[in-house]
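Residues per chain, in single letters:
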Amino acid sequence: QRRADLTVTAFGIRPPTAPLPDWIDYHLAPGRAQLAGLYDRAKVFLQPSWYEGFGFTAVEAMASGSALVTTDNGGSDDYAEHGRTALVVSPGDVTAMTDAMDALLGDPDRRRALAEELTGNHEGPIQSVTSFCAFNPGRDGSARERGVAPNGGSRPSRPRRPSRSRRRTPCP
């Protein structure tokens, strides 16, 4: 382990298939409020998928202000541009993913720059993340605005340009 002070938080909808080391804090099927808290505390979000349809968790983490390290998994092409909005490595390359995460944790300015790339007025892939978070279709298919209230519950919110602060409200 390169960083003795590293805390790893993981989550999923199924229990781990093998025992995890003590330094990994695993959350099984976290609710919205808990998930918002996990995203809010993350400096770097790892998406190590071999294949991804779109990668909602990565988008939610980016919208919350986490820097993204992801694989070139097909689905993240819409929002993860290597060196601009994320660090992108080959699927299955554990060393490259570890090196990318370590580089971001060792360079807070670079990590913040990647995380804050979403805060401006952008076109293309970056806009897709902010647009997705501002207008998330409702269950009935109608386009409606969504937000996360301080208590973790949903409430309508006005679309606005995100602040320059590192932490932003995650997508619900």
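In this text, all values refer to a predicted model and were calculated from it rather than measured experimentally.

With that settled, consider the packing of aromatic side chains. Each aromatic ring pair is characterised by the separation of its centres together with the angle its planes make. Going through the model one piece at a time under the given rule, you end up with five aromatic pairs. Consider the rings of phenylalanine 11 and phenylalanine 45, whose centres lie 6.4 Å apart with planes at 40°: the pair is tilted. Of this pair, phenylalanine 11 sits in strand S1 (residues 8–12) while phenylalanine 45 sits in strand S3 (residues 44–47), and the two are 34 residues apart along the sequence. According to the relative accessible area criterion, phenylalanine 11 is partly exposed, its value standing at 26%. Classification of phenylalanine 45 as buried rests on a relative accessible area of 12%. Pairing phenylalanine 54 with tyrosine 79 gives two aromatic rings, centres 5.3 Å apart and planes at 65°, and the pair type is edge-to-face. Here tyrosine 79 lies in the loop between strand S4 (67–71) and strand S5 (86–89) and phenylalanine 54 lies in the loop between S3 and helix H2 (56–63), a separation of 25 residues in the sequence. Tyrosine 79 gets classed as buried once you look at its relative accessible area, which sits at 0%. A connected cluster of aromatic rings, assembled from ring pairs, spans Phe11, Tyr39 and Phe45.

This next bit is on the pattern of salt bridges. Applying the stated criterion to the full structure yields four salt bridges. Across the salt bridge formed by arginine 84 and glutamate 81, the nearest N and O atoms sit 3.4 Å from each other. Classification of arginine 84 by relative accessible area gives partly exposed; the value is 30%. The class of glutamate 81 is partly exposed, set by a relative accessible area of 34%. Here arginine 112 ties to aspartate 109 by a salt bridge, and the two come within 3.0 Å at their closest N and O atoms. On the criterion of helical spacing, the pair formed by arginine 112 and aspartate 109 is a turn pair, its members being three residues apart in helix H4 (residues 108–116). With a relative accessible area of 33%, arginine 112 lands in the partly exposed category. Ionic contacts of the salt-bridge type, sharing partners, join the residues Glu81, Arg84 and Glu117 into one network.

A few words now on helix H1 (residues 32–41). Owing to its 3.6 residues per turn, the α-helix aligns residues three or four sequence positions apart on the same side. Taken as a whole, H1 has its buried residues at Leu35, Ala36, Gly37, Leu38 and Tyr39. Among the structural elements, S1, strand S2 (24–28), S3 and H2 are those in contact with the buried residues of H1.

With that settled, the discussion passes to helix H3 (residues 94–106). The end-to-end C-alpha distance of H3 is 18 Å, a good match for the 18 Å that 13 residues give at a rise of 1.5 Å each. Buried within H3 are the following residues: Met97, Ala100, Met101 and Leu104. With its buried residues spanning 95° around the axis, H3 presents them on a single face. Of the residues in H3, the exposed ones pointing more than 90 degrees away from the buried face are Thr95 and Gly106. Those residues of H3 hidden inside the fold are in contact with S3, S4, S5 and H4.

The method is simple in principle: a probe with the dimensions of a water molecule rolls over the atoms, and the space it marks as empty is what remains. Space inside the largest pocket adds up to approximately 1,600 Å³. Elements supplying a minimum of two residues to the lining of the largest pocket: S1, S2, H1, S3, H3 and H4. By residue number, the principal contributor to the lining of the largest pocket is H3, which donates six residues. Its residues placed into classes, the lining of the largest pocket shows 25 nonpolar, 10 polar and eight charged.

Definitions and cut-offs
- Residues numbered from 1 in each chain as written.
- Predicted model: local features only at pLDDT ≥ 70, side-chain atom pairs only at ≥ 80, totals over all residues.
- Heavy atoms only, no water.
- Phe/Tyr/Trp six-rings, centres within 6.5 Å; stacked < 30°, edge-to-face > 60°.
- Helix = DSSP H or I, 4+ residues; strand = E, 2+ residues; numbered from the N terminus.
- Buried < 20%, exposed > 50% of the residue type's maximum accessible area, 1.4 Å probe, protein only.
- Salt bridge = Lys/Arg side-chain N within 4 Å of Asp/Glu carboxyl O.
- Contact = heavy atoms within 4.5 Å.
- Expected span 1.5 Å × (residues − 1).
- Arc of directions from axis to C-beta.
- 1 Å grid on protein atoms, 1.4 Å probe; cavity = no way out; pocket = protein on both sides within 12 Å on 5 of 7 lines; lining within 4 Å.
- Points joined across faces, edges and corners; volume = space filled by probe spheres on them.
- Nonpolar A, V, L, I, M, F, W, Y, C, P; charged D, E, K, R; others polar.

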